[in-house]
Amino acid sequence: MSNVRTAPRDYDVIAVGSGHHGLIAAAYLAKAGKRVLVLERHDYIGGGCVTKELAPGFLFDEHSTVHQVILSNPLLKADELGLKARFGLEYIYPDAPFASLFDDGSLLVSYRSVEATAQSIAQFSRQDADAYLRFCRMALQVHPLLEGALFSPAVPLGPMISMLSQSVEGNELLLMSLKSGLDIISEWFEHEKVRMHFVKLMTENLQTPEEKGTGLGALAMVGAVHATGLGLPKGGSGQLTEALARCIAHYGGKILTGRNVTHLVRSGKRVTGIETAEGERYMAQDAVIGAIHPHHLRRYFPDIDEGVLRRAERVQTATYSSLATHYALREPVRFRDSTGKAGGALLVELLPSRLESLQRAFDEYRYDRLPDPLPHFGVTQHSSHDPSRAPAGNAVFAALTFAPYNIDNRGGAHWDSLKETWPRWMLRDLQKWLTNLEPGNIIASRSYSPLDLERSSSSFVRGDIHGAAPFFHQMNGHRPTPDLAHYTVPGVERFYLVGPFMHPGAGLTGAGRATAMRILQDLEIDFGNVIA
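Residues numbered from 1 in each chain as written. Predicted model: local features only at pLDDT ≥ 70, side-chain atom pairs only at ≥ 80, totals over all residues. Heavy atoms only, no water.

The nonpolar side chains of a soluble globular protein tend to be buried, and buried together. One finds Y132, F135, F189, F198 and L219 to be the most contacted residues of the largest nonpolar core, which totals 49 residues. Per element, the largest residue contribution to this core is eight residues, and it comes from helix α4 (residues 126–150). Those residues in contact with F135, other than ones at most four positions away along the chain, are M176, I184, W188, F189, A218, L219 and V222. Counting 39 residues, the second largest nonpolar core, distinct from the first, contains C247, A287, I519 and L523. (Core = buried A, V, L, I, M, F, W, Y, C linked by side-chain atoms within 4.5 Å. Buried < 20%, exposed > 50% of the residue type's maximum accessible area, 1.4 Å probe, protein only. Helix = DSSP H or I, 4+ residues; strand = E, 2+ residues; numbered from the N terminus. Contact = heavy atoms within 4.5 Å.)

Below, the structure written as structure tokens:
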């Protein structure tokens, strides 16, 4: 690279990108005493975990918003980095994590309390309410086992299957892993609205109801709802990012924005630094961390084994992506439910009254079609739980639905021609469940298509905010491929992978902790001493 300006060789570790995964890995290494530098191409940090201003005083989470999986991560559960005790991160835990509002006005609410949730289910089916109590006992019993497997480097898939196969309980978990979410939920519950209530929550993980190899998510999500609840960071999802930045700075690390890393410097097999489009070179003595999506691996390592590259390039992204619109409102939205309880839930799923209607919508996504009208939404009104999100009396409201990336085989760029159209469809179709989301109530809005998602982060290939689909063959010790599952790239030394496409996947998980564990192991630093 010509005209490269070399910065002083005064860093041990360089993290490329400031998504929450990379920041977490960087924070653990900074706490371990390493001289850490984080480089970010945008003028803000956080990647998909960022809070911005929609209008003066109206704070909205651009992408990741409700926190669930990460709450079980020892990063937060044991506060290993002091993000809560020392660096200002604070969570709000509503009593009703999520609810389903059907288009006939009926409402089903999942509460932190197992018994209260069963009572809500009983209005639809007493038998299902009893089944839920049994299902929760199993989910809560298994939750610690799942929790222990999620936040450390993954066990290879073969030994994991062998271990599960040695007991009745293990075989049951393996069977659930191979089935679909709808399979599992249908085995346990009979009423179609009860089934929709749980299946729709699973689809937020960008997996269709009938997608085989995703069924264990049903058990994991129900267990997490009651074990940890769903959390809302006070002041916005980006407060997690800000707390991590304060942690890194506290331990002597540095974060620089506006640095677009275009090249990795290598000495033989070893990555020794990076070069930026701005003509700077930064060197790292110990390690470089990067959120390089498997589909982009060839761009940075064209000389490694061709089989590794081909297997990386055939990693499957999710079957569908998302459409999202955020609103700054003069007054909070009002839901069309007779109980008045929908507004108390952190996440409200707006659903049709028939399971078949929901299934047919996902059939449309599978065939790269956008349903008309839009048949379901997931909505939040965070200002109802966190008044700091909007001026007094006003509200912030967000609506998300799903959509294919490649509509009618026209390519992702086709979304640019629809950017004025689909937000109007969303506003039109939301009226079935809401009474006052109308132009006169809207101060400002901002919308994101699958193409917008892809543009916002190099990890969101084809609008997949999880980087790689959560199919069984791409999870655990095979995420994203068996070659890359150890957070390293075969044939390359001292370069480590982070991102939503790594174990355990599914977006906001804090997976950078496992990357940090692997780096510290290679540096012969005891992780237990670091977190102590």
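From this point, things continue past the structure.
Pairing is mixed across the open sheet formed by seven strands, whose spatial order is β8-β7-β15-β16-β17-β14-β18. The open sheet has two edge strands with one neighbour each: β8 (107–110) and β18 (442–448). Taking each pair of neighbouring strands and ignoring which way they run, the sheet shows an average axis angle of 20°. Pairing of strand β7 (residues 96–102) with strand β15 (residues 345–351) involves six bridges; the strand directions are parallel. Pairing of A99 across the sheet is with V348, part of β15. (Pairing = 2+ DSSP bridges. Axes fitted to C-alpha atoms, helices over the stretch in contact; angles between N-to-C directions.)

According to the stated counting rule, one finds 28 salt bridges in the structure shown. Note that E62 is salt-bridged to K52, the shortest N-O span being 3.2 Å. Within this pair, whereas E62 is found in the loop between β5 (58–61) and α2 (74–77), its partner K52 is found in strand β4 (residues 51–55), the two being separated by ten residues in sequence. The buried category is assigned to E62, whose relative accessible area is 8%. Among the salt bridges present, the one from D183 reaches K212, with a minimum N-O distance of 2.6 Å. (Salt bridge = Lys/Arg side-chain N within 4 Å of Asp/Glu carboxyl O.)

Within the secondary structure, H226 is located in helix α9 (residues 216–227). When its relative accessible area of 9% is taken as the criterion, H226 is described as buried. Side-chain polar atoms of H226 contact the backbone oxygen of Y111, separated by 3.3 Å. (Polar contact = N/O pair within 3.5 Å; in protein donor to acceptor, adjacent residues only side chain to side chain.)

Of all the positions in helix α6 (residues 168–178), only G170, L173, L174, M176 and S177 are classed as buried. For α6, the angular spread of buried residues about the axis comes to 160°, placing them on one side. Those residues of α6 that are buried lie in contact with α4, α5 (157–164), α7 (181–188) and α9. (Arc of directions from axis to C-beta.)

At a minimum axis separation of 9 Å, helix α1 (residues 20–31) and helix α10 (residues 238–250) run at an interaxial angle of 25°. Comparing their axes, α10 and α1 come out roughly parallel. In this structure, α1 meets α10 at a crossing whose hand is left-handed. Two secondary-structure elements touch here, α1 through H20, L23, I24, A26, A27 and A30 and α10 through L240, T241, L244, C247 and I248. Partitioning the contact of α1 with α10 into residue classes produces nine nonpolar, two polar and no charged. (Parallel < 35°, antiparallel > 145°, perpendicular 65-115°, else oblique. Left-handed = near helix turned anticlockwise from the far one by under 90°. Nonpolar A, V, L, I, M, F, W, Y, C, P; charged D, E, K, R; others polar.)

On to the packing of aromatic side chains, then. Taken as a whole and judged by the stated rule, the model has 18 aromatic pairs. Geometrically, the ring pair formed by Y28 and F527 is tilted, given 5.5 Å between the ring centres and 45° between the ring planes. Here the residue Y28 occupies a position in helix α1, and F527 occupies one in helix α18 (residues 527–531), the gap between them amounting to 499 residues. The class of Y28 is buried, set by a relative accessible area of 0%. Judged by its relative accessible area of 12%, F527 is buried. (Phe/Tyr/Trp six-rings, centres within 6.5 Å; stacked < 30°, edge-to-face > 60°.)

This brings us to the environment of L101. With respect to the helices and strands, L101 occurs in strand β7. Once residues within four sequence positions are removed from consideration, L101 is found in contact with S106, L107, F335, R336, D337, V348, E349, L350, L351 and W433.

Omega for the peptide link from R479 to P480 comes to -5°, which places this bond in the cis form. Within the fold, P480 resides in the loop between α16 (450–456) and β19 (495–497). With omega at 5°, the peptide bond leading from H503 into P504 counts as cis. Along the chain, P504 falls in the loop between β19 and α17 (512–522). Here D368, not a glycine, exhibits a phi torsion of approximately 60°, which is positive. For D368, the location among the structural elements is in the loop between α13 (355–366) and β16 (377–380). Classification of D368 as partly exposed rests on a relative accessible area of 25%. In the Ramachandran plot, Y487 falls in the positive-phi region, its phi being about 70° despite a non-glycine side chain. By relative accessible area, Y487 is classed as buried at 1%.

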